[in-house]
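Residue-level listing of the chains:
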Amino acid sequence: MDDAAAAPRGERPAGVPGRGAGKGPDAEEPRTARPAARIEDALAEPVVAAVQDIGGYGGLVYLRSRDRRSLVLCVVAGVPRSLLRTWWRVPVGGALPMSEAYRRNESLWLPDERATMLRFPQFTAALPYAFGSAFHPVHVDGEPVGVLSVLRSAAGEPPAERVVRAALHDAGRDMEERLTEFARRMPGREGADAVAYGIDYDDQPVSVKLPAPSLGAVSVGMIEWDLDSDRWSGDDDALSLLGVAREEFGGTTAEVEGRVSPDDLYELRAGRREAADTGQIRGRHFRVLDEAGDDGRIRYRPVELWGHVVQAEGAARLLVGALVDAVGGVTAAEAAERLPDGVFSLDQDGRVVYANRRCQELLGYDLEHMLGHYPWEVLTWLRDPAYEDRYRAAMLSQEPVSYLVQDPDGVWLGFVLYPGVHGLTGRVFRTSAPAGAEPGRFLTPAGGNATAPEPVATARAGALYHVVQMASVLTEAVTVRDVCLAVAEQLLPAFGAQEIALYTIRDNRMHLLWESGYPEHFLDGFEGVPLNANLPGVHALTTRLPLFFESPEALVNAYPQLLLDPMSAWAFLPLIASGHPVGSCILGWSTPHRFTPEERTALTALGGLTAQAMERARLYDAESAVARGLQEGLLPHRLPAIDGLLTTGRYLPGTQGMAIGGDWYDVIRTGRGVALVIGDVEGHSVGAAAVMGQLRSAVHAFAASGRPPQEVITHTNRLLAELETDVFATCCYMELDPVTGRVLAVRAGHPPPLLRHPDGHTESLDLPGGVLLGVQPEAVYPVTELTLAPGSVLALYTDGLVEVPGGDIETGIEVVRRCLARSRADSVEELADRLVRTARRTEDRPDDVALLLTAYDRRPGP
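Everything quoted here is computed from the prediction, not taken from an experiment.

**Student:** How would you explain the overall build of the chain if you had to name every residue and give the values?
**Tutor:** Helix and strand content of the chain: 22 helices and 35 strands. Taking all 862 residues of the chain together, the buried fraction comes to 52%. Excluding contacts between residues fewer than 6 apart, the proportion of contacts in the chain whose partners are at least 24 apart in sequence is 61%. Surface summary for the chain: the accessible area is close to 37800 Å², and the carbon and sulfur share equals 51%.

See the structure below:
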């Protein structure tokens, strides 16, 4: 592969063995799938395996949404969910690597940020960090249902292409097997043929931890210490920690003391007094004699003693407890406490799990207040998104990151972050500020002289990169609903808000377009308020200035009469497009929120982007409504009822343009039976629709007059050539006698029909055809005769049903053919819906779709 290479699905490079290949002692055992109770159970093990095989630090699995418009993050391994919040749901048609891998049904390998920038600049702008990534479509029953992604550090030499392709291939195959079994076990789908139909996801992602390196087992031995007689007894683990054999141990305290370092005897004896006085021992720490080293020198092993006193009536006082090997945890914590710098640890999600005393002193907070929180949530002076961005950079690049921070007292602190797949260790120290230093500036590389840091580069913008991401997403939004959904999905997670309301102006009043997070009916009282209402959302629009309230008190002071919702901070953003007021955007936070200058700037800019997109979408919706009305007027409102036949039609507009095109279908009574017609005029415009209307009328007139199929198509071809419209058309015309099942078919550059026989066998009819209509006025179109058996189903369609950008039409035809063969729908209506859903599995379908489905039900009686 090159920097951004693509590999077709199912292809394994030569010379790369699969999992479990080989017979040697190191050959890996095949990974077998256990039945999955939940969909994430079917994905967890394969994604972890892919991460390990490629040498990555994180893995993601996206599955398609129920409406097939989005890819939804289902499983996350090795990466905090919170870092990817804005990527939990991405559009299938987006300019994103996971979307392209799904649409194009092929693998992608982006070894570093340079390759990603060249191929997906919008994605890089939203995640401006140095990491490599690989993407592979996930299939079920031959149909793409999602995408597997593996993330790896861009530092060092990337793995070989064949290693990446082999790992993706194996993980994809493993997922397919597990998902297939999962789908077949779904309630109501046992044994169903089209198992892929049930694979979709619309929930929150599930986190899966990568295997942690073994740190060695902690030895714990159980002991009993008779405080009255000073007798000891212990299990084998306890005696092993003391370094004595059971047959040599007499059970006296003197023997135990003989194993303890002379420097620590006081701790053991003080522990006995503590137990006698308080009834318990809480972690008395001392060292015991360990085996001598190879050089004969004596060495000691740290242990801890815990226990409580048990005393039955009239019986001796007995300390029952545990002797714990203290090598590792406690010893490491003590070592951290002795360091002159602050040391802290964050879990995989970025929450504080440890901070030594020096760290607590430097930050001005004790561990109890920080434990379980994000640092930037507890420390108000770290709430600038730029500092959170440093954490994000470290975790996504898996490289150390260092920077400067100035605390509220003006003291400069240096931070160094050391990331890992299971969390992050940080170091904080006091430093003098170099000339021109600014908070958030980078220090020298973490591996350099961190005790004398120098700023070397300006920090990346924190909140402002959300502006770039929003701009990218809004370019994909077409309708007003698309814009509202995109704004809600981007703004809420990006800024940690919990509610959003979007209002637009109509007839000088404010009307709600979209809301999320509000109590039911709370916004009813604000519907249709005039532009002179004393409300913050109205004032933000009329003054064209954003309003920010960081607490309920601030909002009440400004608007005493306002009914407050349960939120504690608000932003009211005016939506202004090209100087024209469009509406207002209201965001709410559940806790008091400090709006940094950068955040205010970003939100104001996002309001402008939203307004521009909203105005464009409103114009599109208006034009689209006109176009749909014209299109619906040109298509048949209902198909005639024909004895012996069941027919239905479907028309779906393309996903680009004004949703108007030249696809049409018709069912026409003729003197010899019934004509089944489908056609497609090139282009997507009012002109194409007008030509379509003329051709449909001409075909209808020629067919109804009793002309044979060849003459109908020949006359229609000449008519289109004489119109001098500079457009061409395709058509498939099939005249069927319902009594005999005899069919006369003519094809003019149109995709071949599909025929399902009564036994389920389905084929693409290879009908000889002529050139497109309108190309050669004197063209000749051959006629093909065939006979339908009762129970047959005939499918005529336009190329929009089987074409995918970047794919070949034969593959699309095969997908529809298989769906038609396997579907056992109860009606032609249900079958038509299923064919359309299967073929249009992505939203990136720029062409229109027309489908005419005919079931030859029976021969009518005399």
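**Student:** Lay out the packing of helix α1 (residues 41-54) against helix α5 (residues 161-184) in plain terms, naming residues and giving numbers.
**Tutor:** Viewed as axis vectors pointing N to C, α1 and α5 meet at an angle of 170°, and their least axial separation amounts to 9 Å. Judged by the inter-axis angle, α1 sits roughly antiparallel to α5. When α1 is examined against α5, the residues D41, A42, L43, E45, P46, V47, A50, D53 and I54 are found in contact with a partner set consisting of V163, V164, A167, L168, A171, D174, M175, R178 and L179. Residues that form the contact of α1 with α5 fall into these classes: 13 nonpolar, no polar and five charged.

**Student:** So what about the pairing of strand β27 (residues 673-681)? Which residues, and what values?
**Tutor:** Judged by how many residues are buried, β27 sits mostly within the fold: nine of nine residues are covered. Note: strand β26 (residues 662-670) against β27, nine bridges, orientation antiparallel. Note on β27: the bridge partner recorded for D663 is D680. Between the end of β26 and the start of β27, which pair antiparallel, lie two residues. Here β27 runs beside strand β28 (residues 729-736); their pairing, made up of eight bridges, is antiparallel. Among the inter-strand pairings, D680 is bridged to a residue of β28, identified as T730.

**Student:** Please give an account of the confidence of the model for the chain that cites residues and values.
**Tutor:** Here the chain averages 82 in pLDDT, while 85% of its residues score no lower than 70. Below pLDDT 50 for its whole length, residues 441-462 participates in 57 contacts with residues either more than four positions away or in separate chains.

**Student:** Outline the sheet that holds strand β24 (residues 580-589), supporting the account with residue identities and numerical values.
**Tutor:** Read from one edge to the other, the open sheet built from six strands follows the order β21-β20-β19-β24-β23-β22, with strand pairing classed as antiparallel. On the outer flanks of this sheet lie β21 (529-530) and β22 (547-549), each paired with one strand and no other. Taken together, the nine bridges between strand β23 (residues 569-577) and β24 define a ladder with antiparallel strand orientation. What sits directly across from W570, in β24, is G588. On the sheet, helix α16 (residues 536-543) packs against β19 (499-506), β20 (509-516), β21, β22, β23 and β24 and is oriented at approximately 35° with respect to β23.

**Student:** I'd like a description of the packing of helix α19 (residues 686-704) against helix α20 (residues 709-723), backed by residues and values.
**Tutor:** Closest axis-to-axis distance for the α19/α20 pair is 10 Å, and the angle between their directions is 145°. Handedness of the crossing formed by α19 with α20: right-handed. In contact with V691, Q694, L695, A698, V699, F702 and A703 of α19, α20 contributes V712, H715, T716, L719, L720 and L723. Looking at the contact of α19 with α20 residue by residue, the class counts come to 10 nonpolar, three polar and no charged.

**Student:** Before we move on, can you summarise the sheet that holds strand β31 (residues 762-764) with the specific residues and values?
**Tutor:** Pairing in this open sheet of five strands is antiparallel, and the strands run β25-β35-β34-β30-β31 from one edge to the other. At either end of the open sheet lies a strand with only one pairing partner, and these are β25 (645-652) and β31. Taking each pair of neighbouring strands and ignoring which way they run, the sheet shows an average axis angle of 15°. Relative to strand β35 (residues 849-856), strand β34 (residues 793-797) runs antiparallel, the two being bridged by five bridges. Residue pairing across strands places A795 opposite L853, the latter belonging to β35.

**Student:** Talk me through the nonpolar core; I want residue IDs and the actual numbers.
**Tutor:** Grouped together as the largest cluster of nonpolar side chains are 56 residues, with contacts concentrated most on M98 and L363. The element that contributes the greatest number of residues to this core is helix α13 (residues 385-397), accounting for six residues. If sequence neighbours within four positions are ignored, M98 has contacts with Y62, L71, V90, F123, F135 and V147. Membership of the second largest hydrophobic core comes to 51 residues, among which are A689, M734, L767 and L794.

**Student:** How would you sum up α13? Please name residues and give values.
**Tutor:** Helical periodicity: at 3.6 residues per turn, an α-helix aligns residues three or four positions apart in one direction. Its 13 residues give α13 an end-to-end C-alpha distance of 18 Å, which sits within 8% of 18 Å, the value for a rise of 1.5 Å per residue. Among the 13 residues that make up α13, 12 are buried, leaving the element largely enclosed by the rest of the structure. P385, A386, Y387, D389, R390, Y391, R392, A393, A394, M395, L396 and S397 are the residues of α13 that are buried. With its phi angle positive at about 55°, Q398 sits one or two positions after the end of α13.

**Student:** Now, about the packing of aromatic side chains: what can you tell me, with residues and values included?
**Tutor:** For the structure on display, the rule yields 12 aromatic pairs. Geometrically, the ring pair formed by F522 and F526 is tilted, given 6.0 Å between the ring centres and 45° between the ring planes. Pair check on accessibility: F522 and F526 agree, each one buried. Note on F548 and F595: the rings are 5.1 Å apart at their centroids and 50° apart in plane angle, and the pair reads as tilted. Of this pair, F548 sits in strand β22 while F595 sits in the loop between β24 and α18 (597-634), and the two are 47 residues apart along the sequence.

**Student:** Pulling in residues and values, what's your account of the pairing of strand β10 (residues 231-234)?
**Tutor:** Here β10 shows a buried face lined by W232 and G234 and an unburied face lined by R231 and S233. In this sheet, β10 lies alongside strand β9 (residues 220-226) in antiparallel orientation, the contact comprising four bridges. Directly across from E224, in β10, lies its bridge partner S233. Between β9 and β10, which pair antiparallel and follow one another directly, the connecting turn spans four residues, one of which, D230, has a positive phi of 60°.

**Student:** Go over the environment of E550, please, and point to the residues and values.
**Tutor:** If you trace the backbone, E550 turns up in the loop between β22 and α17 (552-558). With 44 residues separating them in the primary sequence, E550 and R594 have C-alpha atoms 5.8 Å apart. Leave out the neighbours within four places in its chain, and E550 touches S568, A569, P592, H593, R594, F595 and R600. Side-chain polar atoms of E550 contact the side chain of R600, separated by 3.3 Å.

Rules used in this analysis
Residues numbered from 1 in each chain as written. Predicted model: local features only at pLDDT ≥ 70, side-chain atom pairs only at ≥ 80, totals over all residues. Heavy atoms only, no water. Helix = DSSP H or I, 4+ residues; strand = E, 2+ residues; numbered from the N terminus. Buried < 20%, exposed > 50% of the residue type's maximum accessible area, 1.4 Å probe, protein only. Contact = heavy atoms within 4.5 Å. Areas by Shrake-Rupley, 256 points an atom, 1.4 Å probe, with all protein chains shown as cover. Axes fitted to C-alpha atoms, helices over the stretch in contact; angles between N-to-C directions. Parallel < 35°, antiparallel > 145°, perpendicular 65-115°, else oblique. Nonpolar A, V, L, I, M, F, W, Y, C, P; charged D, E, K, R; others polar. Pairing = 2+ DSSP bridges. pLDDT = per-residue confidence, 0-100. Left-handed = near helix turned anticlockwise from the far one by under 90°. Core = buried A, V, L, I, M, F, W, Y, C linked by side-chain atoms within 4.5 Å. Expected span 1.5 Å × (residues − 1). Phe/Tyr/Trp six-rings, centres within 6.5 Å; stacked < 30°, edge-to-face > 60°. Polar contact = N/O pair within 3.5 Å; in protein donor to acceptor, adjacent residues only side chain to side chain.

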